[in-house]
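# Summary of structural features
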Amino acid sequence: HSEYVACLTDPSQIGCHALSRKANTHKGSFGDVAIIGGTRGMAGAGVLAARAALFGGAGRIFLVQPDVELKLDMLHPEIMCRDAAQFEFNQQVVVIGPGLGQDQLAIDLLRAAIQHPYPVVIDADALNLLATKPGLAAQLKTRTAATLLTPHPLEAARLLAFSTEQVQQNRAMAAKELAQRFGSHIILKGAGSLLCDPQDRHYRINSSGNPGLASGGTGDVLAGLCGALLAQGMEVGEAAALACWAHGAAADALVAAGSGPIGLHASELLPVIRSLLNRR
Ligand code: APR
Ligand code: MG
(Lines give C-alpha, C1' and ligand atoms only; values in the text may rest on other atoms or scores of the structure.)
(Ligands and ions follow the chains in the order given, each with its own letter.)
Protein backbone atom coordinates (compact mmCIF):
# COMPACT_ATOMS: atom_id res chain seq x y z
CA HIS A 1 0.00 0.00 0.00
CA SER A 2 1.72 3.09 -1.25
CA GLU A 3 -1.07 5.52 -0.47
CA TYR A 4 -0.56 8.66 1.55
CA VAL A 5 -0.33 8.10 5.28
CA ALA A 6 -0.60 10.98 7.72
CA CYS A 7 0.40 10.70 11.35
CA LEU A 8 -1.78 12.64 13.71
CA THR A 9 0.48 14.39 16.10
CA ASP A 10 -1.28 17.43 17.49
CA PRO A 11 -4.75 18.92 17.57
CA SER A 12 -3.77 21.89 15.42
CA GLN A 13 -3.62 19.40 12.54
CA ILE A 14 -6.99 17.94 13.23
CA GLY A 15 -9.26 20.79 14.09
CA CYS A 16 -9.87 21.18 17.83
CA HIS A 17 -10.70 24.80 16.93
CA ALA A 18 -13.84 23.50 15.21
CA LEU A 19 -15.31 23.14 18.71
CA SER A 20 -14.86 26.82 19.66
CA ARG A 21 -18.07 28.25 21.08
CA LYS A 22 -19.74 31.50 20.19
CA ALA A 23 -21.24 33.53 23.05
CA ASN A 24 -24.84 33.42 21.89
CA THR A 25 -25.36 29.65 22.07
CA HIS A 26 -27.45 27.20 24.09
CA LYS A 27 -27.56 23.45 24.64
CA GLY A 28 -29.41 23.00 21.36
CA SER A 29 -26.33 24.35 19.59
CA PHE A 30 -24.21 21.39 20.64
CA GLY A 31 -26.48 18.55 19.71
CA ASP A 32 -28.05 15.53 21.30
CA VAL A 33 -26.37 12.14 21.61
CA ALA A 34 -28.26 8.91 22.25
CA ILE A 35 -26.12 6.06 23.50
CA ILE A 36 -27.97 2.80 22.84
CA GLY A 37 -26.56 0.03 25.02
CA GLY A 38 -25.70 -0.70 28.61
CA THR A 39 -28.09 -3.58 29.06
CA ARG A 40 -28.28 -5.73 32.21
CA GLY A 41 -24.85 -6.98 33.22
CA MET A 42 -23.15 -4.47 30.89
CA ALA A 43 -24.57 -1.23 32.22
CA GLY A 44 -21.09 0.22 32.72
CA ALA A 45 -20.32 0.15 29.00
CA GLY A 46 -23.33 2.37 28.31
CA VAL A 47 -22.56 4.65 31.22
CA LEU A 48 -18.95 5.14 30.13
CA ALA A 49 -19.99 6.00 26.58
CA ALA A 50 -22.65 8.42 27.88
CA ARG A 51 -20.19 10.08 30.25
CA ALA A 52 -17.70 10.42 27.40
CA ALA A 53 -20.38 12.20 25.36
CA LEU A 54 -20.95 14.51 28.36
CA PHE A 55 -17.25 15.31 28.83
CA GLY A 56 -16.89 15.58 25.05
CA GLY A 57 -19.28 18.52 24.99
CA ALA A 58 -22.62 17.26 23.64
CA GLY A 59 -25.58 19.49 24.52
CA ARG A 60 -27.80 16.68 25.86
CA ILE A 61 -27.09 13.00 26.44
CA PHE A 62 -29.55 10.10 26.55
CA LEU A 63 -28.58 6.64 27.75
CA VAL A 64 -31.07 4.36 26.02
CA GLN A 65 -31.10 0.96 27.66
CA PRO A 66 -32.65 -2.22 26.24
CA ASP A 67 -33.21 -3.35 29.80
CA VAL A 68 -33.50 -0.45 32.20
CA GLU A 69 -30.71 -1.24 34.60
CA LEU A 70 -30.17 2.38 35.65
CA LYS A 71 -32.68 5.12 36.28
CA LEU A 72 -29.93 7.63 36.94
CA ASP A 73 -26.16 7.95 36.73
CA MET A 74 -25.69 9.22 40.30
CA LEU A 75 -22.30 10.73 39.49
CA HIS A 76 -23.60 12.44 36.35
CA PRO A 77 -27.33 13.14 36.68
CA GLU A 78 -27.06 15.26 33.52
CA ILE A 79 -27.38 12.00 31.58
CA MET A 80 -31.02 11.13 30.85
CA CYS A 81 -31.65 7.41 31.27
CA ARG A 82 -34.39 6.07 29.01
CA ASP A 83 -36.06 2.77 28.20
CA ALA A 84 -35.31 1.64 24.66
CA ALA A 85 -38.84 0.26 24.28
CA GLN A 86 -40.21 3.82 24.56
CA PHE A 87 -37.41 5.81 23.04
CA GLU A 88 -38.20 8.18 20.18
CA PHE A 89 -35.53 8.83 17.63
CA ASN A 90 -35.54 12.42 16.45
CA GLN A 91 -32.39 14.34 15.63
CA GLN A 92 -29.89 12.73 17.95
CA VAL A 93 -26.50 11.47 16.91
CA VAL A 94 -26.72 7.77 17.77
CA VAL A 95 -23.93 5.68 19.29
CA ILE A 96 -25.01 2.06 19.32
CA GLY A 97 -23.27 -1.00 20.67
CA PRO A 98 -21.46 -0.62 24.00
CA GLY A 99 -23.04 -3.28 26.23
CA LEU A 100 -25.93 -3.67 23.76
CA GLY A 101 -26.23 -7.45 23.88
CA GLN A 102 -27.23 -9.43 20.81
CA ASP A 103 -30.86 -10.46 21.37
CA GLN A 104 -33.88 -9.62 19.19
CA LEU A 105 -34.37 -6.20 20.81
CA ALA A 106 -30.73 -5.38 20.08
CA ILE A 107 -31.26 -6.34 16.43
CA ASP A 108 -34.39 -4.16 16.21
CA LEU A 109 -32.55 -1.23 17.76
CA LEU A 110 -29.65 -1.62 15.36
CA ARG A 111 -32.06 -1.68 12.40
CA ALA A 112 -33.71 1.52 13.69
CA ALA A 113 -30.30 3.14 14.16
CA ILE A 114 -29.25 2.26 10.61
CA GLN A 115 -32.49 3.81 9.28
CA HIS A 116 -31.97 6.95 11.39
CA PRO A 117 -31.17 9.85 9.02
CA TYR A 118 -28.51 11.37 11.33
CA PRO A 119 -24.91 10.40 12.10
CA VAL A 120 -24.46 6.98 13.68
CA VAL A 121 -21.47 5.43 15.45
CA ILE A 122 -21.50 1.62 15.52
CA ASP A 123 -19.38 -0.18 18.11
CA ALA A 124 -18.98 -3.41 20.08
CA ASP A 125 -22.07 -5.69 20.07
CA ALA A 126 -23.66 -3.71 17.25
CA LEU A 127 -20.62 -4.63 15.13
CA ASN A 128 -20.91 -8.26 16.18
CA LEU A 129 -24.56 -8.20 15.05
CA LEU A 130 -23.62 -6.58 11.77
CA ALA A 131 -21.17 -9.43 11.18
CA THR A 132 -23.95 -12.02 11.40
CA LYS A 133 -26.82 -10.12 9.72
CA PRO A 134 -26.06 -9.50 6.03
CA GLY A 135 -29.41 -7.71 5.62
CA LEU A 136 -28.41 -5.04 8.11
CA ALA A 137 -25.00 -4.68 6.52
CA ALA A 138 -26.70 -4.10 3.14
CA GLN A 139 -28.95 -1.40 4.64
CA LEU A 140 -25.90 0.33 6.03
CA LYS A 141 -24.69 1.06 2.49
CA THR A 142 -27.91 2.94 1.70
CA ARG A 143 -27.39 5.47 4.51
CA THR A 144 -26.80 9.06 3.48
CA ALA A 145 -25.85 10.49 6.89
CA ALA A 146 -22.38 9.81 8.31
CA THR A 147 -21.62 6.30 9.55
CA LEU A 148 -18.60 5.47 11.67
CA LEU A 149 -17.61 1.91 12.59
CA THR A 150 -15.16 1.52 15.50
CA PRO A 151 -14.02 -2.14 15.57
CA HIS A 152 -11.17 -3.54 17.62
CA PRO A 153 -9.18 -6.20 15.74
CA LEU A 154 -11.43 -9.12 16.75
CA GLU A 155 -14.58 -7.21 15.78
CA ALA A 156 -12.93 -6.28 12.47
CA ALA A 157 -12.06 -9.93 11.89
CA ARG A 158 -15.67 -10.97 12.47
CA LEU A 159 -16.93 -8.30 10.06
CA LEU A 160 -14.51 -9.43 7.34
CA ALA A 161 -14.63 -13.17 8.08
CA PHE A 162 -10.85 -13.03 8.52
CA SER A 163 -8.79 -14.22 11.46
CA THR A 164 -7.59 -11.61 13.95
CA GLU A 165 -4.02 -12.43 12.82
CA GLN A 166 -4.94 -11.60 9.21
CA VAL A 167 -6.35 -8.24 10.33
CA GLN A 168 -3.31 -7.43 12.44
CA GLN A 169 -0.82 -8.48 9.76
CA ASN A 170 -2.29 -5.99 7.34
CA ARG A 171 -4.24 -3.43 9.27
CA ALA A 172 -4.34 -0.92 6.42
CA MET A 173 -5.81 -3.49 4.04
CA ALA A 174 -8.36 -4.56 6.65
CA ALA A 175 -9.46 -0.98 7.37
CA LYS A 176 -9.86 -0.16 3.68
CA GLU A 177 -11.75 -3.36 3.04
CA LEU A 178 -14.12 -2.50 5.90
CA ALA A 179 -14.62 1.05 4.62
CA GLN A 180 -15.47 -0.23 1.16
CA ARG A 181 -17.58 -3.20 2.17
CA PHE A 182 -19.68 -1.23 4.64
CA GLY A 183 -19.55 2.16 2.90
CA SER A 184 -18.54 3.70 6.23
CA HIS A 185 -15.79 5.59 7.97
CA ILE A 186 -13.65 3.20 10.00
CA ILE A 187 -11.55 3.42 13.13
CA LEU A 188 -9.62 0.16 13.36
CA LYS A 189 -8.56 0.33 16.99
CA GLY A 190 -5.38 -0.89 18.70
CA ALA A 191 -1.89 0.53 19.15
CA GLY A 192 -1.78 3.04 16.27
CA SER A 193 -5.49 3.14 15.46
CA LEU A 194 -6.11 3.37 11.71
CA LEU A 195 -8.62 5.83 10.30
CA CYS A 196 -10.14 5.17 6.93
CA ASP A 197 -12.52 7.12 4.70
CA PRO A 198 -14.74 5.19 2.26
CA GLN A 199 -14.56 8.01 -0.33
CA ASP A 200 -10.82 8.14 -0.86
CA ARG A 201 -7.82 5.86 -0.72
CA HIS A 202 -6.13 7.64 2.15
CA TYR A 203 -5.86 6.37 5.65
CA ARG A 204 -4.36 7.91 8.75
CA ILE A 205 -2.61 6.46 11.76
CA ASN A 206 -3.20 7.84 15.22
CA SER A 207 0.05 8.47 17.04
CA SER A 208 -1.19 9.01 20.60
CA GLY A 209 -2.02 6.39 23.22
CA ASN A 210 -0.23 3.68 25.15
CA PRO A 211 -0.84 0.27 26.78
CA GLY A 212 -2.57 2.00 29.70
CA LEU A 213 -5.58 1.97 27.36
CA ALA A 214 -5.61 -1.82 27.32
CA SER A 215 -8.33 -2.12 29.96
CA GLY A 216 -12.09 -2.64 29.73
CA GLY A 217 -14.18 0.41 28.98
CA THR A 218 -11.70 2.57 27.08
CA GLY A 219 -13.35 1.62 23.77
CA ASP A 220 -16.72 2.71 25.13
CA VAL A 221 -15.21 6.09 25.98
CA LEU A 222 -13.92 6.47 22.43
CA ALA A 223 -17.34 5.68 20.95
CA GLY A 224 -19.14 8.20 23.18
CA LEU A 225 -16.54 10.85 22.40
CA CYS A 226 -17.02 10.32 18.65
CA GLY A 227 -20.74 10.84 19.19
CA ALA A 228 -20.19 14.11 21.07
CA LEU A 229 -17.94 15.54 18.36
CA LEU A 230 -20.42 14.60 15.63
CA ALA A 231 -23.24 16.19 17.66
CA GLN A 232 -21.21 19.42 17.74
CA GLY A 233 -21.20 19.44 13.97
CA MET A 234 -17.78 18.08 13.12
CA GLU A 235 -17.38 16.25 9.83
CA VAL A 236 -17.09 12.51 10.49
CA GLY A 237 -13.45 12.03 9.40
CA GLU A 238 -12.38 15.01 11.51
CA ALA A 239 -14.45 13.80 14.47
CA ALA A 240 -12.87 10.36 14.28
CA ALA A 241 -9.38 11.81 14.07
CA LEU A 242 -9.86 14.24 16.93
CA ALA A 243 -11.52 11.59 19.10
CA CYS A 244 -8.67 9.12 18.57
CA TRP A 245 -6.06 11.75 19.17
CA ALA A 246 -7.63 13.17 22.36
CA HIS A 247 -8.39 9.68 23.74
CA GLY A 248 -4.79 8.56 23.28
CA ALA A 249 -3.31 11.89 24.37
CA ALA A 250 -5.34 11.74 27.60
CA ALA A 251 -3.80 8.35 28.34
CA ASP A 252 -0.35 9.74 27.52
CA ALA A 253 -0.87 12.67 29.91
CA LEU A 254 -1.99 10.30 32.69
CA VAL A 255 1.11 8.14 32.19
CA ALA A 256 3.34 11.23 32.25
CA ALA A 257 1.68 12.21 35.56
CA GLY A 258 2.36 8.78 37.07
CA SER A 259 -1.20 7.41 36.90
CA GLY A 260 -0.40 4.64 34.47
CA PRO A 261 0.03 2.61 32.41
CA ILE A 262 -0.55 0.12 35.24
CA GLY A 263 -4.03 0.61 36.64
CA LEU A 264 -5.05 3.41 34.31
CA HIS A 265 -8.78 3.08 33.71
CA ALA A 266 -11.40 4.43 31.38
CA SER A 267 -13.13 6.84 33.78
CA GLU A 268 -9.88 8.70 34.42
CA LEU A 269 -9.64 9.62 30.76
CA LEU A 270 -12.77 11.76 30.83
CA PRO A 271 -11.64 14.99 32.55
CA VAL A 272 -8.30 14.85 30.71
CA ILE A 273 -10.04 14.52 27.35
CA ARG A 274 -12.17 17.53 28.28
CA SER A 275 -9.06 19.60 29.07
CA LEU A 276 -7.49 18.64 25.76
CA LEU A 277 -10.61 19.64 23.81
CA ASN A 278 -10.58 23.02 25.55
CA ARG A 279 -6.91 23.69 24.84
CA ARG A 280 -6.42 26.45 22.29
N1 APR B 1 -1.88 1.31 22.63
C2 APR B 1 -2.69 2.29 22.25
N3 APR B 1 -4.05 2.23 22.32
C4 APR B 1 -4.58 1.11 22.81
C5 APR B 1 -3.79 0.03 23.25
C6 APR B 1 -2.36 0.15 23.13
N7 APR B 1 -1.53 -0.82 23.51
N8 APR B 1 -4.62 -0.95 23.69
C9 APR B 1 -5.88 -0.49 23.55
N10 APR B 1 -5.87 0.75 23.01
C11 APR B 1 -7.04 1.58 22.70
C12 APR B 1 -7.72 1.15 21.41
O13 APR B 1 -7.19 1.80 20.29
C14 APR B 1 -9.17 1.52 21.70
O15 APR B 1 -9.39 2.90 21.47
O16 APR B 1 -8.02 1.40 23.73
C17 APR B 1 -9.32 1.22 23.18
C18 APR B 1 -9.83 -0.20 23.46
O19 APR B 1 -11.09 -0.39 22.92
P20 APR B 1 -11.80 -1.84 22.88
O21 APR B 1 -10.84 -2.85 22.37
O22 APR B 1 -13.11 -1.67 22.23
O23 APR B 1 -11.97 -2.19 24.42
P24 APR B 1 -13.24 -2.00 25.39
O25 APR B 1 -14.44 -1.62 24.63
O26 APR B 1 -12.84 -1.14 26.48
O27 APR B 1 -13.39 -3.45 26.03
C28 APR B 1 -13.61 -4.58 25.26
O29 APR B 1 -15.87 -4.22 24.57
O30 APR B 1 -15.83 -4.17 22.27
C31 APR B 1 -16.21 -4.91 23.38
O32 APR B 1 -16.25 -7.21 22.85
C33 APR B 1 -15.48 -6.22 23.45
O34 APR B 1 -16.40 -6.88 25.54
C35 APR B 1 -15.26 -6.39 24.92
C36 APR B 1 -15.02 -5.02 25.39
MG1 MG C 1 -15.08 -2.16 22.76
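Our subject is the structure that appears above.
Criteria and cut-off values
Residues numbered from 1 in each chain as written. Chains lettered and ligands numbered in written order. Predicted model: local features only at pLDDT ≥ 70, side-chain atom pairs only at ≥ 80, totals over all residues. Heavy atoms only, no water. Helix = DSSP H or I, 4+ residues; strand = E, 2+ residues; numbered from the N terminus. Rg over C-alpha atoms; globule rule 2.2 N^0.38 Å. Buried < 20%, exposed > 50% of the residue type's maximum accessible area, 1.4 Å probe, protein only. Contact = heavy atoms within 4.5 Å. Areas by Shrake-Rupley, 256 points an atom, 1.4 Å probe, with all protein chains shown as cover. Axes fitted to C-alpha atoms, helices over the stretch in contact; angles between N-to-C directions. Parallel < 35°, antiparallel > 145°, perpendicular 65-115°, else oblique. Left-handed = near helix turned anticlockwise from the far one by under 90°. Nonpolar A, V, L, I, M, F, W, Y, C, P; charged D, E, K, R; others polar. Near = heavy atom within 4 Å. Polar contact = N/O pair within 3.5 Å; in protein donor to acceptor, adjacent residues only side chain to side chain.

## Here's the deal with the overall build of the protein
Per the secondary structure count, the protein includes 11 helices and 10 strands. Taken over the C-alpha trace, the protein has a radius of gyration of 17 Å; the compact-globule value for 280 residues is 19 Å, and the two agree within 12%. Overall, the C-alpha framework of the protein stretches about 50 × 45 × 40 Å when taken along its three principal axes. Sorting the 280 residues of the protein into buried and exposed places 56% on the buried side. Sequence-distant contacts, at least 24 apart, represent 68% of the contacts inside the protein between residues at least 6 apart. Surface summary for the protein: the accessible area is close to 11900 Å², and the carbon and sulfur share equals 52%.

## Considering the packing of helix α2 (residues 43-55) against helix α9 (residues 218-231)
Closest axis-to-axis distance for the α2/α9 pair is 7 Å, and the angle between their directions is 40°. As far as their axial angle goes, α9 and α2 are oblique. For the pair α2 and α9, the sense of crossing is right-handed. Where α2 abuts α9, its residues Ala 45, Leu 48, Ala 49, Ala 52 and Ala 53 lie against Asp 220, Val 221, Gly 224, Leu 225 and Ala 228. Residue composition of the contact of α2 with α9, by class: eight nonpolar, one polar and one charged.

## Let's talk about the environment of Ala 249
With respect to the secondary-structure elements, Ala 249 resides in helix α10 (residues 236-256). If we skip the residues at most four places from it in the chain, Ala 249 touches Ser 208, Gly 209 and Leu 276.

## Topic: the site of ligand 1
Ligand 1 sits among 20 residues. The nearest are Glu 155, Lys 189, Gly 190, Gly 217 and Thr 218. The separation between an oxygen atom of ligand 1 and a polar main-chain atom of Leu 213 is 3.5 Å. Between ligand 1 and Thr 218 there is a distance of 3.0 Å, counted from an oxygen atom to a backbone nitrogen or oxygen. Contact with the protein chains removes 71% of the 700 Å² of surface that ligand 1 exposes when unbound. Here the shell around ligand 1 gets four residues from one element, more than from any other, and that element is α9.

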